[in-house]
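Structural description and commentary
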Amino acid sequence: MIKIINKIRIDFDSRLDSISDAKQLEQIRVEFLGKKGQLQELMQGLRNASPDEKPKLGKDINLLKQHVENKLNSKSACFGAKPSKKSSEIFDTTLPGRKELTGTLHPITQIMEEITSIFFGLGFQVEEGPEIETDYYNFEALNIPKDHPARDMQDTFYIEDQTVLRTHTSPVQIHVMEKREPPLRIIAPGKVYRCDSDVSHTPMFHQIEGLMVDESISFSHLKGIMNIFLREVFGKDTKIRFRPSYFPFTCPSAEVDIECVMCNGKGCRVCSQTGWLEILGAGMVDPAVFRSVNYDPEKWTGFAFGLGIERIAMLKFEINDIRLFFENDIRFLKQF
Ligand code: PHE
């Protein structure tokens, strides 16, 4: 009888190897496992076996049955058929689950959303403007006339003589003031372009512009809002200072620094030993800008500010090369 068992096994294996569709598979299933199948016949034959042979033969027949069932199941998976109920017997519940890779927001998007939501909480509305600008919006209306030396501050990409990729988000100030009356409280996040590339500059980067216009807005409003905002982003003990500066569209103008987050003001390589990091440009809206949008500078005052998002993200996440943000290396992006 052992011989018959072995023969059936060899027979089954070679038959299974030669089949090519689900129908043939079903035929083999019936032939071997069916009510009148070869294994059933074997079981009946077992009755006539001698009592001392029976246990061993019974075990062999069971092993053969398992072999046939497992092979039929894995073969049926090849044909895309649903495994039969018995597949639960070969399902390994100890295997760890497969982890789905979930994506995360890009670090720049994260910082942009964080800053936007801080200003949203302070009553600012989000505005957008075009990335391709005319000379008028990018420069002229912002009190930067042709041949003004301030144009040298920004390495402009010219598309045509009068058309540029915006070099800052400040033109959004003009678009908004042209279509709306004060009071205004807006921020404008977006991409800007300058012809520059090294560890701290990329030809495209992101800025957020802010503008608040109302009656009797003063420099102290600007200081107050900058204080709240920078402490929210960098922690409530962040020290802040205002340094006099120059922008054609604000007067007086300032640059705002925070105490170096790397060395806590002691002086290090990141802050060039000064203990301070320049974070943003700001100032009171120049009356010439109000005049270009037909706002009465006697009635309205306001402040504006502009900051680079990459710079904030680099300081917050301690990243030393700005180009990493745009290389799309998954090993870098996965950390956020
Ligand atoms: N637009 C300026 C820049 O890109 C920043 C700025 C915005 C300064 C608003 C003052 C007021 O450098």
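Each chain carries its own residue numbering, running from 1 in the written order of its sequence. In keeping with the predicted nature of the model, local features appear solely for residues at pLDDT of at least 70, side-chain atom pairs appear and are counted solely at 80 or more, and the whole-chain, interface and lining totals rest on all residues. Side-chain descriptors were evaluated using all non-hydrogen atoms of the structure, hydrogens and water having been removed beforehand.

1. Points about the pairing of strand 5 (residues 184-193)
- Relative accessibility thresholds used throughout: buried, under 20% of the residue-type maximum; exposed, over 50%; partly exposed, between the two (1.4 Å probe, protein chains only). Where helices and strands are cited, they refer to DSSP runs of H or I of at least four residues and of E of at least two residues respectively, numbered from the N terminus. Most of strand 5 is tucked away: eight of the 10 residues are buried.
- Here, strands pair whenever DSSP counts at least two bridges between them. Where strand 1 (residues 125-126) lies against strand 5, two bridges are found, and the strand directions are parallel. Note that in strand 5 the partner of Val126 across the bridge is Ile187.
- In terms of strand pairing, strand 5 meets strand 6 (residues 204-214) through 10 bridges, oriented antiparallel. Within the sheet, the bridge partner assigned to Leu184 lies in strand 6 and is Val213.

2. A closer look at the side chain of Glu255
- With respect to the element layout, Glu255 can be found in strand 8 (residues 250-259).
- Here, residues are in contact when the closest pair of their heavy atoms is within 4.5 Å. Aside from chain neighbours lying at most four places away, what touches Glu255 is Arg241, Phe242, Arg243, Ser245, Phe247, Glu278, Leu280 and Gly281.

3. Quick notes on the site of the ligand
- Taken together, 13 residues sit near the ligand, with His168, Ser170, Arg194, Gln207 and Gly306 positioned nearest.
- Between the ligand and Arg194, the relevant distance is 2.9 Å, taken from an oxygen atom to a side-chain nitrogen or oxygen of the residue.
- Alone, the ligand offers 330 Å² of accessible surface; in the complex the protein occludes 91% of this.
- For the shell around the ligand, the secondary-structure elements that each account for two or more residues are strand 6, strand 9 (276-285) and strand 10 (301-308).
- Per-element tally for the shell around the ligand: the top contributor is strand 10, with three residues. When at least one non-hydrogen atom of a residue lies within 4 Å of a molecule or strand, that residue is treated as near it. Definition of a polar contact: a pair of N or O atoms within 3.5 Å, with one able to donate and the other able to accept a hydrogen when the atoms are protein atoms, and with sequence-neighbouring residues admitted only if both atoms are side-chain atoms. The Shrake-Rupley method, run with a 1.4 Å probe, gives the accessible areas here. Residue values count only the displayed protein chains as cover.

4. A word on helix 4 (residues 54-78)
- Helix span, as expected, comes to 1.5 Å for every residue beyond the first. Compared with the 36 Å implied by 1.5 Å per residue over 25 residues, the 36 Å span of helix 4 between its first and last C-alpha is a close match.
- The complete set of buried residues in helix 4 reads Leu57, Gly58, Asp60, Ile61, Leu64, His67, Val68, Glu69, Leu72, Asn73, Lys75 and Ser76.
- On its buried face, helix 4 sits against helix 1 (2-18), helix 2 (22-33) and helix 3 (38-46).

5. Notes on the domain arrangement of the protein
- Where each domain begins and ends follows an automated or database-derived domain assignment. Along its sequence, the protein is organised into domain 1 (2-88) and domain 2 (107-333).
- Placing a centre on the C-alpha atoms of domain 1 and another on those of domain 2 gives a separation of 76 Å.

6. Some remarks on the sheet that holds strand 2 (residues 132-134)
- Ordered in space as 2-4-3, the three strands form an open sheet in which the pairing is antiparallel. The sheet is open, and its two edges are formed by strand 2 and strand 3 (158-160), each paired on a single side. The average angle at which neighbouring strand axes cross in this sheet is 35°, direction not considered.
- As defined by bridge partners, strand 3 adjoins strand 4 (residues 163-165) across two bridges and the pair is classed as antiparallel. Within strand 4, the position partnered with Tyr158 by the bridge is Val164. Angles run from 0 to 180 degrees between N-to-C directions of axes, and those axes are lines fitted to C-alpha atoms, restricted for helices to the stretch in contact.

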